[in-house]
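Structure at a glance
Each chain, written out:
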Amino acid sequence: MRYYLEDSETVLKSLGTGEDGLDAQQAEERTAKYGKNELVSGRRKSIFKRLAEQLSDPMIIVLIVAAVISGIVGEAADMIIILLVVIVNSVLGVVQEGRAEKAIEALKKMASPYSKVRRRGRVAQVRSSEIVPGDIVLLEAGDAIPADMRLIEAVNLKIEEASLTGESVPVDKISSPISASDGDVPLGDRNNMAYMGTSVVYGRGEGAVVSTGMATEMGKIASIISNTGEGKTPL
């Protein structure tokens, strides 16, 4: 469902929740169904394994053989130059893979450890990892958005979304549905939505959680980073 096109009542009904939020049993059932509200990174490789993978590349093996042959025939300068190329290439490859892992860790740190939610009409502070679709999250200035949500209340609410959209100016948020002729609204123009990894800079509001963990927009970015495959160059 394109939640930004629907009114609050329709959104709440589709999520099987209400303004009073979920009860404890519903929260447990949805945690079992959707999993924890956390970004998941792939299995981390040790620096030695990354280096071994770099050195096992066919082209690198050819260069190493060429360096050995150069040394045998007395071309010491050629051998040194080839080995330097191999070393520099391998180090750069290891560093680039390490940066991808660090990027995912940085995304994880952007999430708030605790959030305020309304469950059975009572406001409680819970771990952000325990938030599930259908939860009603209360927002105020200084809060980090713990999951993707459709705003059902926005009072002078402004959210900083630079980490997701690159927009440096805080975005004014609304709770009313957005009208679009073709039904497609760019991410940065969905003013009645709030996304994981962004933060409230002014005002207050409430939102119904529509996506958690790797199903969020930030989760999709983390998935792209961790699952990017290796491809052959034209050479």
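Relevant structure appears above.
A brief structural summary. Every chain's residues receive numbers from 1 upward, in the order its sequence appears when written. Side-chain atom pairs in this predicted model are given and counted only at pLDDT of 80 or more, local residue features only at pLDDT of at least 70, and totals for whole chains, interfaces and linings cover all residues. Water and hydrogen atoms were dropped before computing side-chain values, which therefore reflect all heavy atoms in the structure.

Regarding the packing of aromatic side chains
Aromatic rings from Phe, Tyr and Trp, taking only the six-membered ring of Trp, are treated as a pair when their centres fall within 6.5 Å; an angle between ring planes under 30 degrees marks them as stacked, one over 60 as edge-to-face, and anything in between as tilted. One pass over the structure, following the stated rule, counts 0 aromatic pairs. Between Lys158 and the ring centre of Tyr202, over which it is positioned, the NZ or CZ distance is 5.9 Å. Each ring is checked for a lysine NZ or an arginine CZ that lies within 6 Å of its centre and within 35 degrees of its normal; such an atom marks a charge sitting over the ring.

Observations regarding a negative patch on the surface
Where like charges cluster on the molecular surface, the negative patch consists of Asp7, Glu9, Glu19 and Asp20. For helices the rule is a DSSP run of H or I covering at least 4 residues; for strands it is a run of E covering at least 2, with both sets numbered from the N terminus onward. Within the secondary structure, Glu9 is located in helix H1 (residues 8-14). The patches reported here contain residues having more than 30% relative accessible area and no salt bridge. Joining distances are 9 Å for like charges and 5 Å for nonpolar side chains (Val, Leu, Ile, Met, Phe, Trp, Tyr). Exposure was quantified through the Shrake-Rupley algorithm and a 1.4 Å probe, taking into account, for residues, occlusion by the shown protein chains and nothing else. Here a salt bridge means any side-chain nitrogen of Lys or Arg lying within 4 Å of a carboxyl oxygen belonging to Asp or Glu. Charged-residue counts in this description rest on Lys and Arg as positive and Asp and Glu as negative, His and the chain ends being excluded. Just so you know, the charge point we use is NZ for Lys, CZ for Arg, CG for Asp and CD for Glu.

Some points on the pairing of strand S7 (residues 199-211)
Pairing between strands is defined by DSSP: at least two bridges between the two strands are required. One ladder, built from 5 bridges, connects strand S3 (residues 136-140) with S7; its direction is antiparallel. The residue of S7 that forms the bridge with Ile136 is Ala208. Where strand S4 (residues 148-160) meets S7, 10 bridges bridge the pair, whose relative direction is antiparallel. Bridge assignment links Asp148 to a residue of S7, and that residue is Ser211.

Some points on the pairing of strand S2 (residues 122-127)
In this sheet, S2 lies alongside strand S1 (residues 114-119) in antiparallel orientation, the contact comprising 6 bridges. Within the sheet, the bridge partner assigned to Val117 lies in S2 and is Ala124. Hairpin geometry of S1 and S2 is characterised by an intervening segment of 2 residues between the two adjacent antiparallel strands and by a positive phi of about 55° at Arg120.

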